[in-house]
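Structural features, examined
The chain contents come next:
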Amino acid sequence: MAVRGSAAGMVPLLAALLAGCAPDAGEGGRVVVVDGSSSLYPLSEAVAEEFAREHPGSRIVVRVSGTAGGLRRLCEGEVHVAGASRAMTSAEAARCRSAGIEYLALPVARDGVTVVVNSGNDAVGCLTMAELRRLWEPGSGVTNWRDLRPGLPPERVRLFGPGTDSGTFHFFTAVVMGRTGASRADHYQTEDDHLIARGVAGNRWSLGYLGSASYAASEERVRALEVDTGFGCVRPTQAKIGDGSYSPLSRDLYIYMANAYNNMYNNLYTFVAYYVSASRELAEEAGYAPLPSEEYERSLALLAAAREGSS
Amino acid sequence: MRGAKRHRDRIGTACAVMTAVVAAAFLAMAAVLVVRAWGAVGPGFLFDPSSRVADRAGIGPALAGTLWLAVLTAAFAFPVGVGTAVYLEEYAPRTGLAAVVGGAVANLAGVPSVVYGVAGLALFVRGMGMGPTLLAGGCTLAALALPTVIVTARTAIRAVPRGLREAAFSLGATRWQVVRGQVLPAAAPGIVTGSCAAFTRAAGEAAPLLVLGAVSFMTFAPRTPADPLTSLPTQVFAWSARSQQDFAAVAAGAGVALLLLLLAMNLVARAVHRRVQGVSP
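Residues numbered from 1 in each chain as written. Chains lettered and ligands numbered in written order. Predicted model: local features only at pLDDT ≥ 70, side-chain atom pairs only at ≥ 80, totals over all residues.

1. Here's the deal with the sheet that holds strand β11 (residues 226-228) of chain A
Residues and elements named next belong to chain A. The three strands are arranged β6-β11-β12 in an open sheet whose pairing can be described as mixed. This sheet does not close on itself; its edge strands, each paired only once, are β6 (126-128) and β12 (233-234). Each of β6 and β11 is contacted by helix α5 (residues 129-136), which is oriented at about 80 degrees to β6, the strand it contacts most. (Pairing = 2+ DSSP bridges. Helix = DSSP H or I, 4+ residues; strand = E, 2+ residues; numbered from the N terminus. Contact = placed C-beta atoms within 7 Å. Axes fitted to C-alpha atoms, helices over the stretch in contact; angles between N-to-C directions.)

2. Here's the deal with the interface of chain A and chain B
On the chain B side, the residues contacting the 37 residues of chain A number 29 residues. Sorting the residues of the side of chain A that touches chain B by element identifies α1 (2-20), α2 (41-54), β2 (60-62) and α8 (193-201) of chain A as the ones contributing at least two each. Here the element with the most residues in the side of chain A that touches chain B is α1(A); it accounts for eight residues. A breakdown of the residues in the side of chain A that touches chain B according to their chemical character gives 22 nonpolar, five polar and ten charged. Relative to strand β1 (residues 217-218) of chain B, β2(A) is paired through two bridges, and the arrangement is antiparallel. By the bridge assignment, Val61(A) is partnered in β1(B) with Met218(B). (Nonpolar A, V, L, I, M, F, W, Y, C, P; charged D, E, K, R; others polar.)

3. Describing the domain arrangement of chain A
All names here are of chain A. Its domain assignment divides chain A into domain 1 (30-110 + 254-310) and domain 2 (114-235). On a C-alpha basis, the centres of domain 1 and domain 2 stand 29 Å from each other. The partner domain 2 presents 17 residues to the 17 residues of domain 1 that form the contact. A per-element tally of the side of domain 1 that touches domain 2 places helix α3 (residues 66-75) first, with four residues. Partitioning the side of domain 1 that touches domain 2 into residue classes produces seven nonpolar, nine polar and one charged. (Domains from an automatic or database assignment.)

4. What about the environment of Arg223(B)?
With respect to the helices and strands, Arg223(B) occurs in the loop between β1 and α9 (232-240). Spatially, the C-alpha atoms of Arg223(B) and Ala64(B) are 7.9 Å apart, while their sequence positions differ by 159 residues.

5. Brief notes about the sheet that holds strand β4 (residues 103-112) of chain A
The pairing of strands in a sheet happens through backbone hydrogen bonds and is either parallel or antiparallel. An order of β4(A)-β13(A)-β3(A)-β1(A)-β2(A)-β1(B) is seen for the six strands of this open sheet, with the pairing classed as mixed. The two strands at the open ends of the sheet, each matched to only one other strand, are β4 of chain A together with β1 of chain B. In this structure, strand β1 (residues 32-36) of chain A lies alongside strand β3 (residues 81-84) of chain A, joined through three bridges in parallel fashion. Bridge pairing in β3(A) places Asp35(A) opposite Ala82(A).

Take a look at the structure:
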């Protein structure tokens, strides 16, 4: 008897479930989905949190799947805002075009790719671009700190780096090796910067590279190296990243907004406009260098024009 | 004789010691979590969304996500699992295809959970176009729980005395009447207990959900199965991956909440068990 009762109770339950699972173009689907670069995650999270505080009931979701993953999903119509730590490639743009998805690229912060070592590593303070290249190039024979520079301890270098879907990976390999994607592969790779910081924090003779906000979040456990690009060693501080002294390892971070949901996602514009204008303050708090004010003004104007044009 | 008895006593003592060790280990783990979580848990912890500031971070969306996942998993896996078990035990021939299916199901129970995540990503998230939603998560966890549900339900059905069936058949009952009137009521306690163990285990899984695309942060608690995928285990993972030390405490708090939730689910299972047992002949 009891069994039959519960089986009968299952029918309306299942019906309710199926009704709830209908495709969500309408009311229930007004979730703004932010995906993409883990270098931009701390900013996206801060913006989403503050936006929700000022707009109670707003529905924002933040995921991390790397710059390439985020842009791919943007062009497949799965996400509305993609954080990117590099500009979209022409292949990616073509995919967006063929899917009929227009987009806006809005710079929101400047960040420096930061090379980090364990806080307990006091042997090295600055690396030259040439040393970085020898360390990370494909087929690199550097396995030991002493291979990198005579005088460094004969300890094994344990490397932690971003995975191939990461914009930081694309950017770093392009700048340091001169060819996008050229990197040794015999090390731990992840799209999540936090895990890189944790890996480096866990081993005294390790080294890794990550976005400056992720570094700022783990400053107590890992130490940033200075980088010598030929004009002396430069520490990747917010000021040096902001004024360009940390080039060529500093770069602008963008959000790409899909411009295809104007009717359905009125709140998308509100959110993205908030993202741009709040970035100035939140970028600094989250460990990036803010952009010059004109850049934010230009983005807001672009956004207003897009909204005008689509309504 | 006396030697054998003393031997048995020694085995008894050894078993008691092992039980004590296990109990102490579990208590110690729970105590560590509670101690680490102490102070990190504010008034809004149960209802607030996560935050970039550890003091403000809560488990509202994650808790709602886990409750949804538990319901969806049970709703999908229970009828399908029990139905399969009834068919395999009461209807199917003992040889041929059914026997192969039965053996395969038993093997599936041992497949690592992350493999279900990969399959769920291909089948539910992409293939059926569900996207990374709670629905896709529930389907994946149901697939994960299904083999265990089937295996335990089969065992419970097999334990029903043959005499019960034969008596019913001799009174002219059809096979379905025997199953519904005799076998299922008698096997119900075992089926419920085994299934609930499978559901609580599924509710504690993080790996398959991370593969499907669980969120890192969301500002609201999910209200329908079509909402984005989040759960307590994935939230614990997201927090413990962070570098800031104070998030370790928040992660421990979420861990305590998960433990309490699983405990509550077990208590519910036992209550159902007792009720079902009371009703059965």
